[in-house]
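# Structural characterization, general
So you can see what is in the structure, the chains are spelled out below.
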Amino acid sequence: MSKEHDINEWKFEISNKSNLLDFNLKEIWAYKDLLVLFVKRDIVTIYKQTILGPLWYLIQPLFTAIIFTIIFNNVANIDTKGIPPFLFNLAGITTWNYFKDCLLATSDTFKNNQHIFGKVYFPRVVIPLSVVISNLIKFSIQFIVFIVFYAYYIYRGVDVSPNGFFFLFPFLVLLMGILSLGLGMIISSMVTKYRDLVFLLQFGVQLLMYLSLVAYPLSLIQEKLPMLSWMVEYNPMAQIIEASRYLLLNTGSFSLNWMIYTIVVTIVVFVLGLLIFNKTEKRFIDTI
Amino acid sequence: MSKDIILKIENISKQYRLGVVGTGTLSDDLNRWWHLIRGKEDPFLKIGEANKRSIKGESDFVWSLKDINFEVHRGDVLGIIGKNGAGKSTLLKILSRVTSPTTGSIKSNGRIASLLEVGTGFHPELTGKENIFLNGAILGMTKAEIKSKLDEIIEFSGCERYIDTPVKRYSSGMTVRLAFAVAAFLEPDILIVDEVLAVGDAEFQKKAIGKMKEISKGDDGRTVLFVSHNMAAVMSLCSRGILLENGVISFMGSTEDTIAKYLTNNKETLSDFSQFKERSGNGNITFTKILLGNPNDKTNVFKLGEKMGFHLSFTVNNKVNTNKLRILIGIYNERDEGILRFDSDANANLVFDKSLNEGEISCIMEDHLTIMPGKYSVNFALFNNDVMEDYIAGKVLFDVVNDNYFGGSKTLDTNTLAKVLYKHNWVLNKI
């Protein structure tokens, strides 16, 4: 009755041998509906039973921009080179927020979903992917607010205009999404074993913000702290934010070499993230 | 072709670490990694012993599963039974790819979907309908598949009226109904089910078992792996059984045999009472051995409708001239309700004199055993000349398992309130 099967005849195989490179894109595609539903769930449920609802999407960046303007520009007198400080800060905060939200949310992938992960299998990468996509929608709303203020300043006669290459901005957003996804996957994999990382991440992200040119231009740190400016220059997020302000507000500098560096770092981090994540998802449930 | 092998499990083992797993594992991790880069075996894999829950082991590492091998044919409904901690859930977790095995491999020729818990991923803020889609997608269905079955799912759940209400407003029973309804319409090649029937009210449980039967008995009979402690459900659903014990397969065979094996293994029933201490009575005459059996052999598992008997050996410790014994046997169900009683005074005269040192008394039932399938315990009392000499309670156990006693096409539903069954006839008279 029982036929001898050649190993190649089996359609599926489960074993503990994990091939580092076996990353099943076809399988992820099969779960695309799940991805869409997770995105929908994140968006629909986040502000349920709140009075202001999605308005919270707008309140967070606006208030942060106001406070930054008061502290960095009015109190600390940071020069934004003719750009209205509020608009300058809003551009930095909006882009930074996208990266931060993606990173923090993807880092919790295994911890927050251990209940589902412990009961049913689907490609785990669907979860961080859905986070990056649902945050993209939140980012779009915030970006519209930025445009509204932009239009307001132009209407008021302030001399601001985008760079001719502003249409390349979505590329920067994509870069941020991939970078945060990669970094988030690495951290979430390590969190399954070492919970300390959760605390480290909380304040690490805050520190990183100050190194990411959110509230000041690159030229300022190069001028005032030339000894330490390398810390900012080697930070891919600083390069992305500086470049995005260059595209949107035509201020600051743009260097192709640094952009290529940023792209390379992003790709390396992402691939590394995928490999580690892929390895972790197989048995994290035993250690978490 | 209908009986080809769809699932093959080869040498599956799973090791777990006991105790608190904290940041202290960093040194272990480094150690492991150091062995790995030198091309040596994982040092912690060598340690390990059988996984016995109640016995304190010497190592921090246990094998939750050890060398599991079996094959499943297409269309089989395989019941996996065993005590808590026998490794059932670990096996299902490995099969459903929630965790990976430490050694070994699983090969399959079909898509596996698992139902380790109903309602995985239900979001309280989403409505019933939205949750059907989300849960369905988590279980591996596509949106189009769910859409085509949506009406059926809603109808099966019986939650039509609340379908557009957030699930957080549902009663827990309704949530479970909805969740099971989604799962019931899954259509993988191999379905893995764990204990999900232990929820919901009696009516829904019946519905759920019915649905499971339908799934497994249809034309394209799907392959199902079913884990449960509900022996009645296993009996009525499964075609084959596997008994797991301390992480190894201790028995594999027909469902009936597997359950019988499990019940006898599971129960620590006693038969030798010669050195037994927890007894009361004067002790001048005591039981030495108590055996249960049907006419053919000694057993503690009886089919409904079998004949049952007791074989009691006793020894006389202090002799008196005239002895008149009275034996009382009481049978109690799981809720400790008295079901049957046998009293030798009613129909026997057990008399002997000083010369007897040891004796044996048999009590054989004349009629078929027709008490409800289930677990029973037996109490024995021995009186001599109206004085209690020995009393043993709750140490002898037996099981009655369901059988097609009434000869109809349907097996008896044991989930009723009756305690005793009776052979009977039905007649339809046309007037």
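Residues numbered from 1 in each chain as written. Chains lettered and ligands numbered in written order. Predicted model: local features only at pLDDT ≥ 70, side-chain atom pairs only at ≥ 80, totals over all residues.

## Considerations on the nonpolar core
A general trend in soluble globular proteins is that nonpolar side chains are found buried together. Condition: In plain words, the nonpolar core is the set of buried Ala, Val, Leu, Ile, Met, Phe, Trp, Tyr and Cys residues that C-beta atoms within 7 Å link up. Working definition of burial: number of other C-beta atoms within 10 Å of the residue's own, with buried at 20 or more, exposed at 12 or fewer, and partly exposed in between, all C-beta atoms being placed from the backbone. Put simply, DSSP H or I for four residues or longer makes a helix, DSSP E for two residues or longer makes a strand, and each gets a number counted from the N terminus. We call two residues in contact whenever the C-beta atoms placed from their backbones are within 7 Å.
Counting 137 residues, the largest nonpolar core has A:Leu34, A:Val126, B:Ile80, B:Val182, B:Ile192, B:Phe226 and B:Val234 as its most contacted members. With 11 residues, the single largest contributor to this core is helix α4 (residues 85-107) of chain A. Contacts of A:Val126, omitting those with residues within four sequence positions, involve A:Ile28, A:Tyr31, A:Leu34, A:Leu35 and A:Phe38. Membership of the second largest hydrophobic core comes to 18 residues, among which are B:Phe273, B:Phe380, B:Phe383 and B:Val396.

## Digging into the interface of chain B and chain A
Defined as follows: Note that Gly is not counted as nonpolar here; it falls among the polar residues with everything else outside the nonpolar set of Ala, Val, Leu, Ile, Met, Phe, Trp, Tyr, Cys and Pro and the charged set of Asp, Glu, Lys and Arg.
Counting from both sides, the interface comprises 40 residues of chain B and, opposite them, 33 residues of chain A. Contributions of two or more residues to the side of chain B that touches chain A are made by β1 (5-17), β4 (103-108) and α3 (128-138) of chain B. In terms of residue count, β4(B) provides more of the side of chain B that touches chain A than any other element does, 6 residues in total. Taken together, the residues that form the side of chain B that touches chain A break down as 14 nonpolar, 18 polar and 8 charged.

## With respect to the sheet that holds strand β2 (residues 61-73) of chain B
The following threshold applies: By this definition, two strands are paired if DSSP reports at least two bridges between them. Interaxial angle, 0 to 180 degrees, is taken between N-to-C directions of lines fitted to C-alpha atoms, where a helix line uses only the stretch in contact.
Strand order across the open sheet formed by 4 strands is β1(A)-β4(B)-β1(B)-β2(B), with antiparallel pairing between neighbours. Bordering the open sheet on either side are β1 (12-15) of chain A together with β2 of chain B, each of which pairs with just one other strand. Sheet twist, expressed as the average angle between the axes of neighbouring strands with direction ignored, equals 15°. Inspection of the sheet shows β1(B) paired to β2(B) by 9 bridges, in the antiparallel sense. Note that in β2(B) the partner of B:Lys14 across the bridge is B:Leu65. Helix-sheet contacts for helix α2 (residues 88-95) of chain B involve β1 of chain A together with β1, β2 and β4 of chain B, and the interaxial angle to β2(B) is about 65°.

## Points about the sheet that holds strand β10 (residues 285-293) of chain B
Residue and element names in this part refer to chain B. Here we have 3 strands laid out as an open sheet, ordered β10-β12-β16, and antiparallel in their pairing. At either end of the open sheet lies a strand with only one pairing partner, and these are β10 and β16 (358-364). Between one strand axis and the next, the sheet turns through 20° on average, direction left out of account. Relative to β16, strand β12 (residues 309-316) runs antiparallel, the two being bridged by 7 bridges. From the neighbouring strand, Thr-315 faces β16, where its bridge partner is Glu-358.

Honestly, it's all geometry; don't read function into it.
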